[in-house]
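Okay, here's what each chain looks like letter by letter:
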Amino acid sequence: MILPKVRDPRFITLRRGGSLTDDDHHLLALWAADCAEHVLPLFAQARPDDGRPRRAIELARAWARGEVRMTESRTAAGHANAAARDLHGAARHAAYAAAQAAAVAHVAAHELGAAAYAIRAAQAAAALDARKEAGRAECRWQRAQLPAEIRELVLDDQRLRNDLCWFVFDC
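Let us look at the structure shown here. Source: prediction; values computed, not measured. (Residues numbered from 1 in each chain as written. Predicted model: local features only at pLDDT ≥ 70, side-chain atom pairs only at ≥ 80, totals over all residues. Heavy atoms only, no water.)

Focus: the packing of aromatic side chains
Rules: Think of it this way: a Phe, Tyr or Trp ring, Trp meaning its six-membered ring, pairs with another when their centres are within 6.5 Å, and the plane angle makes it stacked under 30 degrees, edge-to-face over 60, tilted otherwise. Only DSSP runs of H or I with at least four residues qualify as helices, and only runs of E with at least two residues qualify as strands; both kinds are numbered from the N terminus onward. A simple rule labels every residue: compare its accessible area, found with a 1.4 Å probe on the protein chains alone, to the largest value its type can have, and call it buried under 20%, exposed over 50%, or partly exposed in between. Two thresholds decide whether a charge sits over a ring: the Lys NZ or Arg CZ must be within 6 Å of the ring centre and within 35 degrees of the ring normal.
Summed over the entire model, instances satisfying the criterion amount to 2 aromatic pairs. Considering the side-chain rings of tyrosine 96 and tyrosine 117, the 5.2 Å spacing of their centres and the 55 degrees angle between planes classify their relative orientation as tilted. You can see tyrosine 96 sitting in helix H4 (residues 89-103) and its partner tyrosine 117 sitting in helix H5 (residues 111-125), a full 21 residues away along the chain. We note that tyrosine 96, like tyrosine 117, is buried. What links up through ring pairs into an aromatic cluster is the set Tyr96, Tyr117 and Trp166. The side chain of arginine 120 reaches across the aromatic face of tryptophan 166, ending 4.2 Å from its centre.

Set out below in structure tokens:
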């Protein structure tokens with residue numbers, strides 16, 4: 001489980017009673033898509049002909065640009081999750097990262113799910129004795145991609161939800 005039981009109002013849009021602006025919501029989706037795309041080759045190695053996770057990432061970005069409705073991105077998240085079901089290891093985590101990225105359009109707090117699953121994918125792809133460092137390197141890469149406008153929000157979210165996200169944000 002990557003979502004808290006009590007929703008953080010900073011990840012609820014203004015029109016729904018929270019404090020998240022549409023611009024920041026879009027930035028969260030784009031960052032989540034970047035995180036997922038960074039590990040997408042790990043899925044593609046296992047399933048080169050399955051475009052569902054890539055499509056989910058594309059629709060997350062399209063939603064952020066205002067080109068598709070939230071429901072289209074959310075549906076793509078379900079398809080990316082389905083692509084992961086019979087897989088294991090890095091490929092499975094990479095597909096889940098793509099699904100989480102596409103789900104950001106529906107619930108902004110999925111941004112951390114995309115990042116966490118991408119870190120888990122990087123860890124799973126590494127040799128056993130290098131997994132911890134591979135996860136830390138992926139976490140540092142993700143943080144370097146964070147737009148200034150949402151940096152503190154995401155870093156605080158990582159601090160608050162690190163235990164829900166397998167402690168992958170200790171980088």
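Description of helix H7 (residues 148-161)
Stated precisely, the cut-off is as follows: Every helix has an expected span of 1.5 Å times one less than the residues it contains. By definition, the arc is the one covered by directions from the helix axis to the C-beta atoms.
Taking 1.5 Å as the rise per residue, H7 with 14 residues should run 20 Å; its terminal C-alpha atoms sit 20 Å apart, in good agreement. All of the buried residues along H7 are Ile150, Leu153, Val154, Asp157, Gln158 and Arg161. One side of H7 holds all its buried residues, which, seen down the axis, span an arc of 140 degrees. Seen from the open side of H7, the exposed residues pointing more than 90 degrees away from its buried face are Ala148, Glu152 and Arg159.

Regarding the state of the cysteines
Here a disulfide denotes one covalent bond, and it connects the sulfur atoms of two cysteines. Put simply, the rule is: Two cysteine sulfur atoms make up a disulfide if the distance between them is within 2.5 Å.
All told, the structure shown has 1 disulfide when counted by the stated rule. Two residues, cysteine 139 and cysteine 171, share a disulfide whose sulfurs are 2.1 Å apart. Disulfide cysteine 139 to cysteine 171: torsion about the S-S bond roughly -45 degrees, handedness left-handed. Of this pair, cysteine 139 sits in helix H6 (residues 131-145) while cysteine 171 sits in the segment after H7; the two residues are 32 residues apart in sequence, bridging distant segments of the chain. Overall, the relative accessible area of 29% leaves cysteine 171 in the partly exposed class. Cysteine 139 supplies the cysteine sulfur nearest to cysteine 35, a cysteine that is in no disulfide, at a spacing of 9.2 Å. Lacking any disulfide linkage, cysteine 165 is separated from the closest cysteine sulfur, that of cysteine 139, by 11 Å.

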